[in-house]
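Below, each chain spelled out in residue letters.
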Amino acid sequence: MNIAILGRQPKLGIAELESQYGSAVSWLSVISALIEVDEPLDITKFGGSLKMGKVTHAFEHSDWKRIGKYISNHYSQAWKNVDHKITLGISVYGVSVSGKEIQRTGLAIKKNLKSSGVSIRLVPNKDVALSTATSHHNKLGLSPNKVELIVIRAGDGRTVLAESTGAQNITAYAARDQERPKRDAFVGMLPPKLAQIMLNMAVDQSKPTGRVLDPFCGTGVLLQEAALLGHDVYGSDLSEKMVDYSIANLEWLAATHHSKAKVDVMLADATKDSWSPPIDAVVCEAYLGQPFSAPPASEKLHSVVTTCDKIITAFFNNLAPQIESGTPLCVAVPSWRDNNGDFTHLPLIKKLSSLGYEQIELKTARSHDLLYYREDQIVARELLILRKI
Ligand SMILES: C[S@@+](CC[C@H](N)C(=O)[O-])C[C@H]1O[C@@H](n2cnc3c(N)ncnc32)[C@H](O)[C@@H]1O
């Protein structure tokens, strides 16, 4: 059994996991998920999770005194014969405890093991939970001598203890985002983490790989992430510059990340041109309209919504007869946030079935909760998880 500490928008993180593992996924607390599968999960493949771990124990309560005592007894015993130094971090979520008390538990293990000749390096707890950056930079969870214990209070008052299997590799994400040769802030490049989330919402990691189409490929972030997940990639864009950028970025990826993906990128208008088969999945960030630094006046908003709705409806109409029934899609479309935090959604979302698409409903998150935005953004990305009817 596995746990995941979910990212800044936990509903997106859990929806990504449910898309891969179905009913094995449930909420553990408001920031974490339980994934009832035996094999450990590979955090590098999930953009919506900050840490993952294997459950090793469950407590019927959330009393730190007893939990801390269990941890110090158990690990003092378990590690007394190891022949290497251990780096130990402890992260606690939702249990009432201070960083100092957590540190005391770690120090107790260190003291107990000293007499057995086992040396422990404790990662200091500035806070009750180590930050993703601290866990990542200390390589916690990635080898038997670098351990992070993750303690999570569940929604029902019980507490779960897990051993980390890794934290989000922020260095690798930053490199994939910032080191690629062609970037263009104006097209609003997708963060690689979000591209991974979207791919996982459409494409089953456990099935043989196929060819993923992004008909609004821009600088190619989605194509890059699809290639890294082992798919062949097919991109198109209305802009010649973007086609060139995607090609350059995918060449860079092949050279730096040894991706073996077959790559096709071409110039095409997604509202009227044709793509060649095979198309096993469609994952894209469609036209989002112009960016705003403040909510637009209602007339302006109406005009932007109408333009985006028209272009994206035309795209859906053009694509439907070109893909087979059952083809999975994840399409990011714009949704506009007002000062109260309410959203104006695209009208087409209510008409998806008449366009030839079924919207997939998940158990852990409702479809209208699948919105990605930063606090300063007016234009959010709304993720539509679809199947061609
Ligand atoms: C929001 S951007 C996608 C950015 C991309 N995900 C990335 O990370 O770089 C939308 C892209 O759609 C393209 N576009 C707009 N209208 C289009 C159309 N009718 N057909 C094809 N591409 C279009 C734009 O040139 C732009 O590159």
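None of the values given here were measured: they were computed from a predicted structure.

About the thresholds
Residues numbered from 1 in each chain as written. Predicted model: local features only at pLDDT ≥ 70, side-chain atom pairs only at ≥ 80, totals over all residues. Heavy atoms only, no water. Core = buried A, V, L, I, M, F, W, Y, C linked by side-chain atoms within 4.5 Å. Buried < 20%, exposed > 50% of the residue type's maximum accessible area, 1.4 Å probe, protein only. Helix = DSSP H or I, 4+ residues; strand = E, 2+ residues; numbered from the N terminus. Domains from an automatic or database assignment. Contact = heavy atoms within 4.5 Å. Axes fitted to C-alpha atoms, helices over the stretch in contact; angles between N-to-C directions. Parallel < 35°, antiparallel > 145°, perpendicular 65-115°, else oblique. Left-handed = near helix turned anticlockwise from the far one by under 90°. Nonpolar A, V, L, I, M, F, W, Y, C, P; charged D, E, K, R; others polar. Buried area = accessible area lost by both parts, 1.4 Å probe. Salt bridge = Lys/Arg side-chain N within 4 Å of Asp/Glu carboxyl O. Near = heavy atom within 4 Å. Polar contact = N/O pair within 3.5 Å; in protein donor to acceptor, adjacent residues only side chain to side chain. Areas by Shrake-Rupley, 256 points an atom, 1.4 Å probe, with all protein chains shown as cover.

**Q** For this particular structure, what's the right way to read the nonpolar core?
**A** Nonpolar side chains in soluble globular proteins tend to end up buried together. One finds L17, M198, M201, V283 and L383 to be the most contacted residues of the largest nonpolar core, which totals 50 residues. If you tally residues by element for this core, the top one is helix α6 (residues 192-202), at 7 residues. A domain split of this core shows at least three residues from each of domain 1 (2-168) and domain 2 (172-388). Discounting residues that sit within four places of it in the chain, M198 has contacts with L190, L222, V283, C284, E285, C330, V331, A332 and L383.

**Q** Explain the packing of helix α2 (residues 64-78) against helix α3 (residues 99-114) here, please?
**A** Each pair of packed helices gets described by two things: the angle between the helix axes and the distance between those axes. At a minimum axis distance of 9 Å, the contact between α2 and α3 shows a crossing angle of 25 degrees. The angle between α2 and α3 places the two elements in the roughly parallel class. As for the relative orientation of α2 and α3, their crossing is right-handed in sense. On α3, the residues touching W64, G68, I71, S72, Y75 and S76 of α2 are E101, I102, T105, A108, I109, N112 and L113. Tallied by class, the residues present in the contact of α2 with α3 amount to 7 nonpolar, 5 polar and 1 charged.

**Q** Can you help me understand the domain arrangement of the protein in this one?
**A** When the parts of a complex come together, some accessible area is lost, and that lost area is often used as the size of the interface. Domain annotation of the protein identifies domain 1 (2-168) and domain 2 (172-388). Distance between the C-alpha centres of domain 1 and domain 2: 34 Å. In this complex, domain 1 contributes 20 residues to the contact, which on the side of domain 2 involves 22 residues. Taking both partners together, domain 1 and domain 2 bury about 1,900 Å²; carbon and sulfur atoms supply 52% of that area. Of all residues in domain 1, L12, E18 and Q20 bury the most surface against domain 2, accounting for 30% of the area lost on that side. Our enumeration of links across domain 1 and domain 2 arrives at 1 salt bridge. With a shortest N-O distance of 3.7 Å, D369 and K11 are connected by a salt bridge. Of all the elements in the fold, those that place two or more residues in the side of domain 1 that touches domain 2 are α1 (10-21) and β2 (25-29). Sorting elements by how many residues they give to the side of domain 1 that touches domain 2 places α1 first, with 8 residues. Residues that form the side of domain 1 that touches domain 2 fall into these classes: 6 nonpolar, 9 polar and 5 charged.

**Q** Before we go on, may I ask you to explain the site of the ligand in this structure?
**A** The immediate surroundings of the ligand are formed by 22 residues, with T219, D237, D269, A270 and E285 found nearest. Between the ligand and D269, the relevant distance is 3.0 Å, taken from a nitrogen atom to a side-chain nitrogen or oxygen of the residue. Burial of the ligand by the surrounding chains reaches 91%, relative to a free accessible area of 600 Å². When the residues that make up the shell around the ligand are grouped by side-chain class, the tally is 14 nonpolar, 5 polar and 3 charged.

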